[in-house]
Amino acid sequence: MTQQILVALIVALAAVYAVWRWMPGSWRRAAAGRLAAGTQRAGLVDAERAQQLAASLGKASGCGSCDSCGSCGTGAKAAADDKSPATRAR
């Protein structure tokens, strides 16, 4: 019985993570703000830590969010263009 409860808990946490990861950015930021405000109201964190929590949870994760990491800037694009067959033929 304990093993089934543990497995159900792991599956539920994985589902929550997947939903959070693929949630639209605006929804994620709004949910992060509400979650941080709730933790502050409950007395778990102070106001400064609640703001840090909201900012941290509201960030988009790595791949698929080029506007947040800056790795898809002009430098990365120029390096990719240098490797293209059309550029090498010149």
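What counts, and at which threshold
- Residues numbered from 1 in each chain as written.
- Predicted model: local features only at pLDDT ≥ 70, side-chain atom pairs only at ≥ 80, totals over all residues.
- Heavy atoms only, no water.
- pLDDT = per-residue confidence, 0-100.
- Helix = DSSP H or I, 4+ residues; strand = E, 2+ residues; numbered from the N terminus.
- Patch = residues over 30% accessible without salt bridge, like charges linked within 9 Å, V, L, I, M, F, W, Y side chains within 5 Å.
- Areas by Shrake-Rupley, 256 points an atom, 1.4 Å probe, with all protein chains shown as cover.
- Salt bridge = Lys/Arg side-chain N within 4 Å of Asp/Glu carboxyl O.
- Buried < 20%, exposed > 50% of the residue type's maximum accessible area, 1.4 Å probe, protein only.
- Contact = heavy atoms within 4.5 Å.

**A short note on the confidence of the model for the protein**
Of all residues in the protein, 67% attain a pLDDT of 70 or more, and the chain-wide mean is 79. Element-level mean pLDDT values for the protein span from 52 in helix α5 (residues 74-82) up to 96 in helix α1 (residues 2-22).

**Here's the deal with a nonpolar patch on the surface**
Where nonpolar side chains cluster on the molecular surface, the patch consists of L6, L9, I10 and L13 and spans about 410 Å² of accessible area. Note that L9 resides in helix α1. Residue L9 is classed as partly exposed on the basis of its relative accessible area of 49%.

**Some remarks on the side chain of R28**
Structurally, the position occupied by R28 is in helix α2 (residues 25-41). Filtering out sequence-adjacent residues up to four positions away, R28 remains in contact with W20, R21, M23, L57, G58, K59 and A60.

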